[in-house]
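The chain contents come next:
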Amino acid sequence: MKIFVTGGAGFIGGNFIHFMLTKYPDTKIVCLDSLTYAGNLSTLKSVETNTNLQFIKIDITDRKGIFSLFEAEKPNVVVNFAAESHVDRSIENPDIFLKTNILGTQVLLDACRKYGTERFHQISTDEVYGDLPLDRPDLLFKEDTPIQTSSPYSASKASADLLVQAYHRTFGVPVTISRCSNNYGPYQFPEKLIPLTIINILAGKPLPIYGTGQNVRDWLHVDDHCAAVDLILNKGNIGEIYNIGGHNERSNIEVVKTIIEILGKGQELITYVSDRKGHDLRYAINPAKIQNDMGWKPTTSFEEGIEKTIAWYLDNRKWWEEIISGEYQTYYSKMYGKR
Ligand code: NAD
Ligand code: TDX
């Protein structure tokens, strides 16, 4: 069995590679990643000598290169994590989001079609459903909730999902799609709320809260996401969409206060800043389909997962100190300098 994992030097793809190498000693993993600012080979350092892992630096929009790679390697399965993933960056510059997230997905689909790949799995997001009101806790995203996107990021992910479905219906490419809620855990790039908060607290820097801090996200530990994707690869029905989430809704201010408390600090670093444009109010996944069809259940509670994640950032300073020493500084001043 050979699996192409695109975006495997990023947060979730990297965790997925660790998960798969541990669980399947007979599976070959080929990581395809162009190493953008969000891709870090240090995420794969502890498995770099594993003979089941191969790394190839390639852009998924490079049609010729991708086709040559499929010709040479003939993967059984492709799991597409590669994407521009940060909403704030998509508001600053949508172009690269459309290129990587839509056109890159198309290149992979064309290659799967040509080389008869047994499965193409698209890693999508709950953001394709838009948002839910804060005062209707009874409403949750189901797989048939209409797509209604808010940011250039979510619009690009939704476009990719539509293409994936079209390639299944028109060309018979054997696809599955999963739409997951907000992930957290080891190796997450510190532009995202949880690692940014941990690292800023450790540095004694302000903790920027967009708007009122009441926006709600549905948090899932990345290991539970990886287990769900593995299940879908093994038991998912071709052409289907599966929502992944663990009923772990928290407002942003609650999340930040929890991290402050675990690190034993005071709340004086909390700083309310101007809101994100088009800021989605609330995400909440109904995971009944994957639970009922495949018996998936999250195993890590938010309380346990956030403790473990903070401990990981404390124990792995080298990983993130290297990351925040480069382009991140320019990004940070641009995004937060005058906010
Ligand atoms: P990330 O930004 O940490 O990693 C993305 C990876 O893709 C990086 O290694 C980057 O180098 C690589 N990449 C980007 N453009 C590429 C290109 N053109 N060619 C090859 N590689 C490229 O992202 P993440 O948080 O790990 O998200 C992974 C996937 O999961 C994305 O598709 C995202 O939309 C989806 N998702 C993320 C979350 C979340 O909470 N982080 C939740 C739901 C879905
Ligand atoms: O500094 C911040 N202050 C703040 O209040 C940051 C970075 C974020 N926020 C808020 C915005 C969101 O309401 O925290 C919430 C979480 O923000 P992000 O970590 O940027 O995640 P989000 O925008 O919810 O998107 C994430 O989940 C869905 C991932 O980045 C996407 O790739 C995924 O599809």
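Residues numbered from 1 in each chain as written. Chains lettered and ligands numbered in written order. Predicted model: local features only at pLDDT ≥ 70, side-chain atom pairs only at ≥ 80, totals over all residues. Heavy atoms only, no water.

- Per an unreviewed UniProt entry, the recorded name for the chain is dTDP-glucose 4,6-dehydratase, and the organism is Desulfitobacterium hafniense.
- In UniProt, the chain has this text filed under Sequence similarities (unreviewed entry): "Belongs to the NAD(P)-dependent epimerase/dehydratase family. dTDP-glucose dehydratase subfamily."
- UniProt's Catalytic activity (unreviewed entry) comment on the chain is quoted here verbatim: "dTDP-alpha-D-glucose = dTDP-4-dehydro-6-deoxy-alpha-D-glucose + H2O". (UniProt positions renumbered as here; feature names shortened; annotations may be inferred.)

**Observations regarding the overall build of the chain**
Here comes step 1: Helix and strand counts for the chain stand at 12 helices and 13 strands.
Here comes step 2: In terms of overall size, the chain behaves like a compact globule, its C-alpha atoms giving a radius of gyration of 19 Å where 339 residues would be expected to give roughly 20 Å.
Here comes step 3: Across its three principal axes, the chain shows a C-alpha extent of roughly 55 × 45 × 35 Å.
Here comes step 4: Across the 339 residues of the chain, 56% fall into the buried class.
Here comes step 5: Expressed as a percentage of contacts within the chain between residues at least 6 apart in sequence, the contacts between residues at least 24 apart total 83%.
Here comes step 6: Computed over 36 positive and 41 negative side-chain charges, the inter-centroid distance for the chain is 4 Å. (Helix = DSSP H or I, 4+ residues; strand = E, 2+ residues; numbered from the N terminus. Rg over C-alpha atoms; globule rule 2.2 N^0.38 Å. Buried < 20%, exposed > 50% of the residue type's maximum accessible area, 1.4 Å probe, protein only. Contact = heavy atoms within 4.5 Å. Lys, Arg positive; Asp, Glu negative; His and termini not counted. Charge placed at Lys NZ, Arg CZ, Asp CG, Glu CD.)

**Things to note about the UniProt feature "domain: NAD(P)-binding" (unreviewed entry) in the chain**
Here comes step 1: Mapped onto this structure's residue numbering, the UniProt feature "domain: NAD(P)-binding" (unreviewed entry) falls at residues 4-309.
Here comes step 2: The span residues 4-309 is 40% helical and 17% strand by assignment, and the distance between its end C-alpha atoms comes to 27 Å.

**Digging into empty space enclosed by the protein**
In this approach the atoms are scanned with a rolling probe the size of a water molecule, which exposes any empty space left behind.
Here comes step 1: Tallying each qualifying case throughout the model produces 1 cavity of 30 Å³ or more.
Here comes step 2: Counted as a void, the largest cavity has a volume near 50 Å³.
Here comes step 3: Together, Val87, Ile91, Glu127, Ser150, Ser151, Arg217, Arg276, Lys277, Gly278, His279, Asp280 and Tyr283 line the largest cavity.
Here comes step 4: Here the lining of the largest cavity is built from residues that sort into 3 nonpolar, 4 polar and 5 charged. (1 Å grid on protein atoms, 1.4 Å probe; cavity = no way out; pocket = protein on both sides within 12 Å on 5 of 7 lines; lining within 4 Å. Points joined across faces, edges and corners; volume = space filled by probe spheres on them. Nonpolar A, V, L, I, M, F, W, Y, C, P; charged D, E, K, R; others polar.)

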